[in-house]
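Working through the structure, step by step
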Amino acid sequence: GIRGLACSPDGKRIALVGLTSLHIIEPGTGKTLLRQDGRGFGVAFDPSSRRMVFSQEKALVVWDFQAGAPSHRFETDQLGLFDICFLEGGRQFASGGCNGKVGVWDLS
């Protein structure tokens, strides 16, 4: 099942996180651009569409599309980070989940 869904601000990518994996697809063609195995919960794109954050188990992973690889990984004590949003023009993001805690993460 799908637990989280986000569209990049430039409209070029759709991210889906679910019970077993994360998928990034191209809306016009349906082509899979990226697949990461692992239980996921939430996903968000930064305002520039160059990065994306997704939760995977108890970690938050920042994917850099220009590098084609993760740029940051933040380990947390919380499972089920369903909500993620970017702040400060993409320099920070916030996450929240099942235990009621909100975290703010710095990418600068």
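Below, the structure is looked at part by part. Treat the numbers as computed from the prediction; the structure is a model and nothing was measured. (Residues numbered from 1 in each chain as written. Predicted model: local features only at pLDDT ≥ 70, side-chain atom pairs only at ≥ 80, totals over all residues. Heavy atoms only, no water.)

For the rest of this paragraph, the subject is the side chain of Gln 56. Locating Gln 56 in the fold gives a position in strand E6 (residues 51-56). Judged by its relative accessible area of 11%, Gln 56 is buried. In this structure the side chain of Gln 56 is engaged in a polar contact, spanning 2.7 Å, whose partner is the backbone oxygen of Asp 37. Non-local contacts of Gln 56, meaning those with residues more than four positions away in its chain, are made with Gln 36, Asp 37, Gly 38, Arg 39, Gly 40, Val 61 and Arg 73. (Helix = DSSP H or I, 4+ residues; strand = E, 2+ residues; numbered from the N terminus. Buried < 20%, exposed > 50% of the residue type's maximum accessible area, 1.4 Å probe, protein only. Polar contact = N/O pair within 3.5 Å; in protein donor to acceptor, adjacent residues only side chain to side chain. Contact = heavy atoms within 4.5 Å.)

Moving on, we come to the sheet that holds E6. Spatial ordering of the open sheet is given by E5-E6-E7-E8, a layout of 4 strands whose pairing is antiparallel. Two strands bound the open sheet, and with one partner strand each, they are strand E5 (40-45) and strand E8 (69-75). Neighbour-to-neighbour, the strand axes of the sheet open up by a mean angle of 20°, direction not taken into account. Sheet topology places E5 next to E6; 4 bridges connect them, and they run antiparallel. Opposite Gly 40, over in E6, you have Gln 56 as the bridge partner. (Pairing = 2+ DSSP bridges. Axes fitted to C-alpha atoms, helices over the stretch in contact; angles between N-to-C directions.)

For any pair of aromatic rings, the description consists of the separation of the ring centres together with the inter-plane angle of the planes. Under the criterion given, the structure shown has 6 aromatic pairs. Summarising the aromatic geometry, the rings of Phe 41 and Phe 82 are spaced 5.2 Å apart at their centres and angled 85° between planes, so their arrangement reads as edge-to-face. Of this pair, Phe 41 sits in strand E5 while Phe 82 is found in the loop between E8 and strand E9 (83-87), placing the two residues 41 residues apart along the sequence. In this structure Phe 41 comes out as buried when scored by relative accessible area, which is 4%. Seen in terms of ring centroids, Phe 93 and Trp 105 are 6.4 Å apart; in terms of plane orientation they differ by 25°. Their pairing is stacked. Separated by 12 residues along the polypeptide, Phe 93 in strand E10 (residues 92-96) and Trp 105 in strand E11 (residues 102-106) bring together distant segments of the chain. Assigned by exposure class, Phe 93 and Trp 105 land together as buried. Grouped by ring-pair contacts, the aromatic residues Phe 74, Phe 86, Phe 93 and Trp 105 constitute a single cluster. (Phe/Tyr/Trp six-rings, centres within 6.5 Å; stacked < 30°, edge-to-face > 60°.)

On to the nonpolar core. Within the largest apolar cluster, 13 residues are counted, with the highest numbers of intra-cluster contacts made by Ala 15, Leu 22, Ile 24, Val 43, Met 52 and Phe 54. Elements with a contribution of two residues or more to this core: strand E2 (14-18), strand E3 (21-25), E5, E6 and strand E7 (59-64). Look past the residues within four positions of Ile 24 in its chain and what remains in contact with it is Arg 13, Ile 14, Ala 15, Lys 31, Thr 32, Leu 33, Leu 34, Met 52 and Phe 65. Val 53, Ile 84, Phe 86 and Phe 93 belong to the second-largest nonpolar core, a separate cluster that totals 11 residues. (Core = buried A, V, L, I, M, F, W, Y, C linked by side-chain atoms within 4.5 Å.)

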